[in-house]
Structures are given as C-alpha cells and as structure tokens.
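Coordinates in review
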Amino acid sequence: MRVAVLLKAVPDLVEELVLDEESGSLQYDEMSYVPSEWDDQALEEALILKEESGAQVTAIAVSTGDVDTMLFTALAKGADHVVKITGDFDASMSNWQQARVLSDYVREQDFDMVLSGVQAIDDVDGQIPGLVAGFLNWPHASVVTEVRMGGDSKVLLRQEYSGGLVAEIEVESPVVIGVQAARKPPRYASVAKVRQVAKSVAIEEVSAGAPAGPAFADIQFVRPVAAGRAEMIEGDVDAVADRIVQILADHNLLRRA
Amino acid sequence: MGPILIVTESTASGITDSTKECVGKAKELAKVLGTSTVALGFGPGAVDRLRRLDVNKVIAAEDGEFAVYNPAVCENALVQVVAETAPFLTMIPNTTMGLDLGAGLAGRNNIPLIAYCSDLQEQDGKITAVSQVFAGKLLARVPVPGDGAIVTVLPGSWPTGEETGDPVVETISGDYSSRMRVIRVIEPEKGDVDITKADILVSVGRGIESPDNLPLADELAEAMGGVVSCSRPVVDAGWLPKARQVGKSGQTVKPKLYLACGISGAPEHLQGMRDADLIIAVNTDEEASIMEAAHFGTTVDMLDLMPALAERLRGG
C-alpha cells in the first residue's frame, strides 16, 4: 500500500498576519510559516498505518517557500520518502493550483491512498484533499479520525459528524482522505534528528508547470470589525477574580449558600 | 443566470438550521438577481422533509443508496444535478457534508469554490462572498465570478428561512454507486455528564497546557455548580473524552454561562457555543477570536485565575 501525505505550510497565527490595509492584500513575503496542523495529523495517521500494516509513506509538498524543514521533519518522524514539487511558485499560490499540481503528481505515481489535513487556516478557495479527489475523480471522505487497512485493498475509515455521530466507512482504494485528527497526538522529532536526516537523506525534486484554473481575480482581506467585542476586565488576577464574581452575581449565577 | 442550488442537510430532528439559513439567503439573492432557488436533499423521507421549504423547486434523492449519508454517493448525485441545472451558486453548509461535497464537486466540475463563507453580499447585480479565514482573524472578500461558484457556508451566518413554501417536487434515481460503503453509523457514547444540559460550563482549550492542570478546572466547575467542557485539541490530546467537546464536531451548547479558558475561538468552536447567555473569555491573547464572541474578557493567566476564582466561590 503506497500512501501519499500532502503537506503545506501556512502563515503562523502566533505571529501577526501582515496585511496592506489599503489594498487588502496579504504580504506573503513578510510572514513566517508553520506546517498546517491538520497535515501534521494526516502524517501521524499515515505513520500509524505504516507501523500497523507496512504502508510506504511518501510526504509531498509544493515548493511555495521553504518547505525543506517540513519534509525533513516528516522523514525524521518515519516517512519513507519525501518529494518537493518545484516550479514558478510562491507563498501566494492558491489551494486550487496546489491541488492541481499535487493531483497531477499523484496520478502519475500509482498511490493507493492520499491523506492530507481536512482543512487549513488559509483555505479560502477550498480544501486540498477534496479538490485533489475531485481532480482525480477518486472517492473522498473528510473529517476522518481513523484510517485502517481492511482486506482486499480495502480501507476502513471513521468519519465524524456534528453532535459526535461517527460513521464507519469501507472504501476500495484508491481513495483521498481529509484527516481531522490522528488516533494519537502527532509524534515529535527533535531538531537534532531533523538535522541529522537533512545531512543523510535527499529530498526528491520534481518540477511542474504553473497550473491554470479558476482563480479569484482580487480577493481582499480585511480585519473583522467586531459586532460586539468583549469588555476587557483589567487588573491582576485578584482584581479580575473579584470582578468575575461580581458579574456572576449580577447575572444570578452565584450558588453560594 | 442559473438558479441558486442549496444542498440540504438533515439530522434525526429534521432539516438543520444551517440549511434553513442558506434557504433564507438564497431566496433573498434570487429575488435581486432574478433567478430561482432549488433545494437538493438526500435520504429516505427527503420529499416530506423538503416540501415545505421556501424554494421554487425541490430535488430529492431518496432511494436505496441514500439510506445513510455516503459522501461518494451523494457527490455522484450532486455532480449530475449540477450538470443538469447549471446553478449560478451552489450553497452547502460548511459541515462534514460541506467539506466532502464542496471541494469534491469543485474539482470534478471545475467550478471555483469559496470555503468558510459567512456572508454573501449583492451590489449592482454582483455577489461578493465573505469568507472567514486564518481562524477568524481575517475576512476574505471574494468576488463571485460571473460563471458562478460553490460556497460552503458557516452555520450561524444568517437568520433561518421560514418553512412556508410550496415548491415543485422532483425525485431522482439512477446509478450513483461508488467504491465507498457505509458500514454503520455509531451514536455518540454517552459521557459521564451531558454538557448540553449544564447551565454553567468551564471550558478549557490548549491553554490548559497539560492534563496535570485539569483538576484546576474541575475544582472551579465544582465551586461554580457547573461542569467542565473543552475544545477539540484537548480531546485530540486524549485529556478529556469526546463527550465533553464543544464545537462543530462536538456538542452545541447554550448554557447560562460559558467560561472559556485558554480557547482561541476558531470558527469551528464558536459554532458550538456562540449562543450561550453569558460568555467570559480568559486568554492571554487579547486579539484571540474568542474575544469577538465573548461578553467579557481577560488576559490574565487561566492557570492563576481558576484557583483564585474557585477560592472566592467557595466562600473562602
């Protein structure tokens, strides 16, 4: 079973999102990037599959910036192989275009299963796994929290719905899966191990052309104007605790005898 | 211009509010754009559920393969309906179904997709979609192309439409089969407590840092007469059971007090708690999205505040 895990980097929400307020354009070059947390979950589920059933795991990223560390980290965690798709791409590349490039590669490579994060914080034009599935015309399920191998090249999934309902699904490969969460928290690879891997293993580079596809001419980003915003309670912990007790009293929420 | 197609979603208790919100908005837009509205529903009883929707036409796929929701089967039917009705807009609630069908349809039919939509605004016959991105920290204003688009709509975006319509009803059947099969649907495990019934929730997020700090939340909840709930990362880390999770893939709660501790307030979480009577947010980041939904906020450390508050409420 050959499993592809699609990874992407997204702006780090811990840092400020850099916006040109006048034009409404994001300043992609001025932001710092981190691996998308749902992709990290997808990688973990793929590595669990590898441990359980010997799946071969290939992590793939489109080179929209510095993705090497992300790929070396995937290797350090246990991926068998990593691929960087290069071209005239930058951090402003749309998900639609990334999904095009990724699906073209996946189609050529004879993978049985594609895992990726069910969503990312920057998915304005759609989620990578669903788009890839659509381009490949493969069955697809999102919000998946467990992937296991069944018999006869069948894959067993658990898909979640609101209210905590869960469906058990069986699907013949090939299939694309949008992972919400892995069965276990993602494993950690130390910086030292990532460095060591970076010295000993090479990233396979594959070049691709710029894909066409519907793009939205001018997306403008704005900071939300809050309809209502929290009234901030100032002061130290004691002052804040006193004030909250007062608020609870005002709302008849104290149950002190 | 093609119609506005709404892909409806139902649960055991009927058509979801999110669907009704889409229906209401679709009717408003169809009127100004001079087009019609069509609702598509899946599953047994779809005709009965949809026949009162305030749309011009209902398309129901009820038979065999639609007995339970199967993402691939529903996608096959949707692809065909879209090919036949050529909608200008396809609106789908941004739930598991929306994440399945929205992107799948976009890829298969080469139609642009706008995800996490929280509003659709019309001006001079042109539609702009407003999309919540970067965990609610930014809004993207996306002009809907002239050929139309698919939008997946966040629940809670608009008032719910009324069920006072008398649409034309059409049923479809055909071979929508797929390599995907739903083996069974599992009801959620009943937890030790039902957080949807609690008046007071002390809800913890990533800010709890470690399971070792959970007793602080338990003690505070006990002192307040409430129970502990949480956001998704706490469940994913295995620190609290799934039954305690508030949000899109957890429970929707409406307590008298929601004390959000160390929760950033991603749209998926807000979806499950924004209707609480009183929301107090504790988060060291004053810019966190939870502050937009909260009535009161503080940036003191939750790990210091929880015991200080518990002590006062115990009368100590």
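As shown above, the structure is provided for reference.
Residues numbered from 1 in each chain as written. Chains lettered and ligands numbered in written order. Predicted model: local features only at pLDDT ≥ 70, side-chain atom pairs only at ≥ 80, totals over all residues. Heavy atoms only, no water.

1. Here we look at the sheet that holds strand 17 (residues 296-298) of chain B
- Spatially, 15(A)-17(B)-16(B)-15(B)-13(B)-14(B) is the arrangement adopted by the six strands of the open sheet, whose pairing is parallel. Looking at the sheet topology across the chains shown, the edges are occupied by strand 15 (231-232) of chain A together with strand 14 (227-230) of chain B.
- Strand direction decides the pairing type here: strand 15 of chain A and strand 17 of chain B, joined by two bridges, are parallel. From the neighbouring strand, E231(A) faces strand 17 of chain B, where its bridge partner is F296(B).
- This element, helix 5 (residues 214-224) of chain B, spans strand 13 (200-204), strand 14 and strand 15 (257-261) of chain B of the sheet and lies at about 170 degrees to strand 13 of chain B.
- Sheet strands in contact with helix 9 (residues 302-313) of chain B are strand 13, strand 15, strand 16 (278-282) and strand 17 of chain B, and its direction is about 140 degrees off that of strand 15 of chain B. (Pairing = 2+ DSSP bridges. Helix = DSSP H or I, 4+ residues; strand = E, 2+ residues; numbered from the N terminus. Contact = heavy atoms within 4.5 Å. Axes fitted to C-alpha atoms, helices over the stretch in contact; angles between N-to-C directions.)

2. A few points about the interface of chain B and chain A
- Taken together, the contact pairs 79 residues of chain B with 84 residues of chain A.
- If you sort the residues of chain B by the area they bury against chain A, F134(B), R179(B) and R312(B) come out on top, with a joint share of 11%.
- In this structure, R184(B) and E168(A) form a salt bridge, with 3.0 Å as the shortest nitrogen-oxygen distance.
- Inspection of the region where chain B meets chain A yields 32 residue pairs in polar contact (both at pLDDT 80 or more). (Buried area = accessible area lost by both parts, 1.4 Å probe. Salt bridge = Lys/Arg side-chain N within 4 Å of Asp/Glu carboxyl O. Polar contact = N/O pair within 3.5 Å; in protein donor to acceptor, adjacent residues only side chain to side chain.)

3. Looking at helix 2 (residues 68-77) of chain A
All names here are of chain A.
- Here helix 2 lies mainly inside the structure; seven of its ten residues are buried.
- Residues M70, L71, F72, A74, L75, A76 and K77 constitute the buried set of helix 2.
- At the C-terminal side of helix 2, G78 shows a positive phi close to 135 degrees. (Buried < 20%, exposed > 50% of the residue type's maximum accessible area, 1.4 Å probe, protein only.)

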